[in-house]
Amino acid sequence: MKLELRHITKKFGDFVANDNIDLVVEPGQIHALLGENGAGKSTLMNVLYGLYEADGGQILLDDQPMQFAGPGDAMAAGIGMVHQHFMLVPVFTVAENVVLGHEPVKGPDLIDVSKARDIVKQISDRFGFEVDPNALVEDLPVGIQQRVEIIKALSRQAKILILDEPTAVLTPQETDELMSIMRQLKAAGTSIVFITHKLREVQDVADVITVIRHGRVVGQAAPTASQSELARLMVGRAVDLSVDKTLHQGGPVALSVKDLSLVEPTGRALLEDITFDVHKSEILTIAGVQGNGQTELTEVLIGLRKSTAGSVTLVTQDAAGRAVTTDLTNQSVRTILDSGVGYVPENRSKDGMIAGFSVAENLVIDQITHPPFSRHGSLDTRAISANGARQVEQFDIRTDTAQAGMGTLSGGNQQKVVLARELSRDLTVFIASQPTRGVDVGSIEFIHGQIIAERDAGAAVLIVSTELNEVTALADRIAVMYRGRFVGIVPPDTDRNVLGLMMAGIAADEALDLTRQESYTDQVQSEGVDHD
Amino acid sequence: MTTINESVSNAEAARRAKPDQGSPQIDHEFAGLAPRSWKAPIIFTVLTLAGAVVFCLTVDPGSISKVSVRTGTPGIGDVLWSLPSLITLTVMTVIMVAMTAWAWRQAIVRHHITTWYGVGFGLIFVAAFLVWAVSGEDSALQVTALLSGALFLSVPLIFGAMAGAVCEHVGVINVSIEGQLLGGAFLGAVVGSLTQNAWIGLLAAPVAGALVGCLLALFAVRYWVDHIIVGVVLNVLVTGLTNYLFSTVLTANSDVFSIPFALPVVRIPLLADIPVIGTVLFNQSCLVYIMYAVVILLQIMMFHSRWGLRMRACGEHPRAADTVGIKVNRTRVLNTILGGAIAGLGGAFFTLATGLAFGKEMSAGRGYIALAAMILGGWKPKGALLAALLFGFADNLQNALGVVGIGVPSQFMLMAPYLVTILAVAGIVGTVRAPAQEGTAYKG
């Protein structure tokens, strides 16, 4: 089926999310929609899927103009969508999720369970998905949940499949599998709109690339285009994709974590025997697929959750150079912050800031109990404003004034405020979780620079990230987490595939062996071809 | 004992067969390190000690506890047991001690005891309490009457709990069950009186509940008002409205509006002949039979029908429902009204099933107890039914013991079963999950 979008415009108040967008997706084509977070890709697809109503423009399927009042209409017309945040009911089975909304029934409105299972099995078998129709969705890993979403779309005879940032939650291996599924679907005649901001994936699988910036189509490219070319189109200026830094061996140990465990009352282990050290002037990054205990680990380290076993120790040097240890195990957040730990939470807007407060207030919110920002129990607004103006300048926070509401800033600038607040204190240990999630490319460069500067100033830095690029770019050492455990700690030049296998729980040396074998067989095969 | 042990070992076998149930991410060898839960064994110990001290030590050693069971079956006579109080209580205490010891063992090896184990323990405790309460009295404890009365009194609770379950599964918290019951009682009685026909009154009762449900849906779904606040306000509204109409219209024209009509009590042939159970279950008001049908229907339809799947999707993940073309807010409104109608039907209990005229605030807080029963029952019709029966039993205990005429003040008598209930909730019910998006507005 051929899809055509003509002059689509969508406004939210004064903000133009989509400005006169044209897009043509030919039948059986993988069309990549490339753009930064907030460029308007998802808005466009939500318009196409009938979730938003466009303020202007036309949707044509096989040259027939369509009107979608809701997702039901879009689905009936043959459009399926796999949302970034899965639209699956966790307590339902796979089969129930797949048939929801178009249930096969028998008798008085009862669901025909065996027919529902058959629908799942049939599609699952055709594409080799290996999905159990009877499994509860909440019990499945995200990679499989995504396949359930694809089955859901295909079971409705989707001819056009929209994949919204499908690789954000996947390991590199799962990503590869998804790519091959996309190729299979394409071979079966399905058109795919692939929304992403990851250049590598686009080059890997797309037939045509459309780049969107600030709600406008800024260009089309062939998959043969170079990464820097695509990045330039996406950001609007030349971007240096590499992080400039020298590797550090690090100094003495600054943060020592031993046998840390967190077990829920139900017996479920969220963290299990985690042991590692972070040295002074060193960045340790923690890689892993979302939901493998990274959040819990940072929250235990900062005192938001109490561990059930193990210890966290801070090591500093006194004037004479002797090591002074402070036990931070299950201390209050206040104590931990005061002993020289900085923390950038994963969910910035929920845990890192107060949207209704001004930028200046957000910049001092952890320091208002004592001078210079408060005296005799009342705030010193002049000192707070002055500090705000200085930090806005220093951290290149794009706002007219430090008195502006925090909520009015873009994601990248909000993150800079959080970062400025944490880094303005004298830190021994700096912990940042997903420091560049939802942040524009320009701010990413800046934030990475600040993190490295903090390391160079002597802090021990712990970064949690699910973006493999970020992990390898920043790390002096990389730890990989899987199901609440450390799979291993490896050097930053470790092969992506090895990291990918480790993210799936395979130990470092084993992962290394596996990738060696693979490349060896690849080599043998290609040599064989050569000889022919 | 054997059945309890069997059920425990069955549950264990089931757990072994499916080790990952509920928490698939645990490695099984690590699951043993779950923090020990001492709640159940401590509660058991307290109750057992109470049983041993209060029951065994205060009972007159020579006294007799008389228990009468009416079989209700033609050809089989009624049974009257005269149990030696002290020996019976001692045996029961020994059983409780054994069960407590087992609970401690389970806690030490980090296993959870099953709900049924707790229920079994609770039953033995209640039985011991009854034996103790009637010891030395002349009249016998009428077990059959106790049970059938308990079932009858739990009818409004069950209807209310069903209403709560329907509403919460679709994502709306229904605190206005109380008002819906009261509205149903009022309209059922008035229409029954006007038409001189209890059946027509029974048709009117759900209409009143549905109207309250309409208001709840209007404010909670359409205008995003906090569900609990709307619910409480609606309760006050219905109470005020019915009080006003009662004082002005009903009392002034009681020969028109307040003639009591009752639904017939029907003895179902054959089924009612089953000893004891038949009398308890199948010799009841018609409303009780309607209640059976509603519970069975809801239990099946909520979890196996298209209606149930779509409705629960709206309560669990409304956006997912929306993206497959289900109209979330329409589904919520309709099912909230349906829930209201079910509660309204239950309200008919107070007037049409008991054969009384409408009286001020005659639902007396049972809507809130229904809500508690629904939560205790894990948001499922089946569980809510059992929980409501427990509350109904507590309600009726005072009546049954009042007939026997025991020395303990009836207020204290009433407390004991509630105490057991609270302990049961705290100790036995684990983490039951509510529908994920209940009480939230879906703004599309």
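Keep in mind it's a predicted model, so treat the numbers as computed, not measured.

Draft legend 1. The sheet that holds strand β17 (residues 323–327) of chain A, seen in detail. All names here are of chain A. Pairing in this open sheet of four strands is antiparallel, and the strands run β14-β13-β16-β17 from one edge to the other. Strands at the two margins of the open sheet, each flanked by one partner only, are β14 (269–279) and β17. Along the sheet, successive strands turn relative to each other by an average axial angle of 15 degrees, direction set aside. By the bridge criterion, five bridges tie strand β16 (residues 309–317) to β17 in an arrangement that is antiparallel. By the bridge assignment, T313 is partnered in β17 with D327. The strands touched by helix α9 (residues 294–302) are β13 (253–263), β14 and β16; relative to β14, the strand with the most contacts, the crossing angle is about 65 degrees.

Draft legend 2. Seen up close, the domain arrangement of chain A. Residue and element names in this part refer to chain A. Domain assignment breaks chain A into domain 1 (3–235), domain 2 (245–340 + 426–532) and domain 3 (347–425). Computed from C-alpha atoms alone, the centre-to-centre distance between domain 2 and domain 3 is 28 Å. If you look at the interface, domain 2 gives 17 residues, while domain 3 gives 14 residues. Both faces combined, the contact of domain 2 with domain 3 buries some 1,300 Å², and carbon together with sulfur accounts for 59% of it. Scanning the region where domain 2 abuts domain 3 turns up zero salt bridges. Where domain 2 touches domain 3, the interface holds five residue pairs in polar contact (both at pLDDT 80 or more). Only α10 (333–338) and α15 (441–456) provide two or more residues apiece to the side of domain 2 that touches domain 3.

Draft legend 3. Representation of the environment of D62 of chain A. Residues and elements named next belong to chain A. Following the sequence through the fold, D62 ends up in the loop between β4 (56–61) and β5 (64–66). On the accessibility criterion, D62 (42% relative accessible area) is partly exposed. C-alpha of D62 to C-alpha of P27: the two residues are 35 residues apart in sequence and 9.2 Å apart in space. Look past the residues within four positions of D62 in its chain and what remains in contact with it is M1 and K2.

Draft legend 4. Just the domain arrangement of chain B, in detail. Segmentation of chain B into domains returns domain 1 (39–138) and domain 2 (145–428). Here the C-alpha centroids of domain 1 of chain B and domain 2 of chain B sit 31 Å apart.

Draft legend 5. Region of the structure containing empty space enclosed by the protein. Under the counting rule described, the total for this entry stands at seven cavities of 30 Å³ or more. One number sums up the size of the largest cavity: a volume of about 80 Å³. In terms of lining residues, the largest cavity is bounded by 13 residues, among which Y49, M81, E149 and K152 of chain A together with V324 of chain B are the most central. At the level of elements, β6 (79–82) and α5 (142–155) of chain A are the ones that each hand at least two residues to the lining of the largest cavity. Residues of the lining of the largest cavity, tallied by class, amount to seven nonpolar, three polar and three charged.

Draft legend 6. Inspection of helix α16 (residues 366–376) of chain B at higher detail. Buried within α16 of chain B we find R366, G367, A370, L371, A373, M374 and L376 of chain B. One or two residues past the end of α16 of chain B sits G378 of chain B, with phi positive at roughly 70 degrees.

Draft legend 7. Examining the pairing of strand β1 (residues 3–12) of chain A more closely. Residue and element names in this part refer to chain A. Both β1 and β4 contribute to a ladder of five bridges, which runs antiparallel. When the bridges of β4 are listed, L3 appears paired with L61. In this sheet, strand β2 (residues 15–25) lies alongside β1 in antiparallel orientation, the contact comprising seven bridges. Bridged to L5 within β2 is L23. Joining the antiparallel neighbours β1 and β2 is a turn of two residues, in which G13 adopts a positive phi near 60 degrees.

Draft legend 8. Layout of helix α1 (residues 41–48) of chain A. Residues and elements named next belong to chain A. The element α1 is largely enclosed, with a buried count of seven among its eight residues. Burial in α1 covers these residues: K41, T43, L44, M45, N46, V47 and L48. Two residues or fewer after α1 comes G50, characterised by a positive phi angle close to 85 degrees.

Draft legend 9. Spatial organisation of a nonpolar patch on the surface. Residue and element names in this part refer to chain B. Together, L215, L218, F219, Y223, V225, I229, V233 and L237 make up a nonpolar patch on the protein surface, roughly 690 Å² of accessible area in all. Counting residues per element, the ones that place at least two in the nonpolar patch are α8 (198–222) and α9 (227–250). On the secondary structure map, F219 appears in helix α8. Among the residues examined, F219 registers a relative accessible area of 35% and is labelled partly exposed.

What counts and what doesn't
Residues numbered from 1 in each chain as written. Chains lettered and ligands numbered in written order. Predicted model: local features only at pLDDT ≥ 70, side-chain atom pairs only at ≥ 80, totals over all residues. Heavy atoms only, no water. Pairing = 2+ DSSP bridges. Helix = DSSP H or I, 4+ residues; strand = E, 2+ residues; numbered from the N terminus. Axes fitted to C-alpha atoms, helices over the stretch in contact; angles between N-to-C directions. Contact = heavy atoms within 4.5 Å. Domains from an automatic or database assignment. Buried area = accessible area lost by both parts, 1.4 Å probe. Salt bridge = Lys/Arg side-chain N within 4 Å of Asp/Glu carboxyl O. Polar contact = N/O pair within 3.5 Å; in protein donor to acceptor, adjacent residues only side chain to side chain. Buried < 20%, exposed > 50% of the residue type's maximum accessible area, 1.4 Å probe, protein only. 1 Å grid on protein atoms, 1.4 Å probe; cavity = no way out; pocket = protein on both sides within 12 Å on 5 of 7 lines; lining within 4 Å. Points joined across faces, edges and corners; volume = space filled by probe spheres on them. Nonpolar A, V, L, I, M, F, W, Y, C, P; charged D, E, K, R; others polar. Patch = residues over 30% accessible without salt bridge, like charges linked within 9 Å, V, L, I, M, F, W, Y side chains within 5 Å. Areas by Shrake-Rupley, 256 points an atom, 1.4 Å probe, with all protein chains shown as cover.

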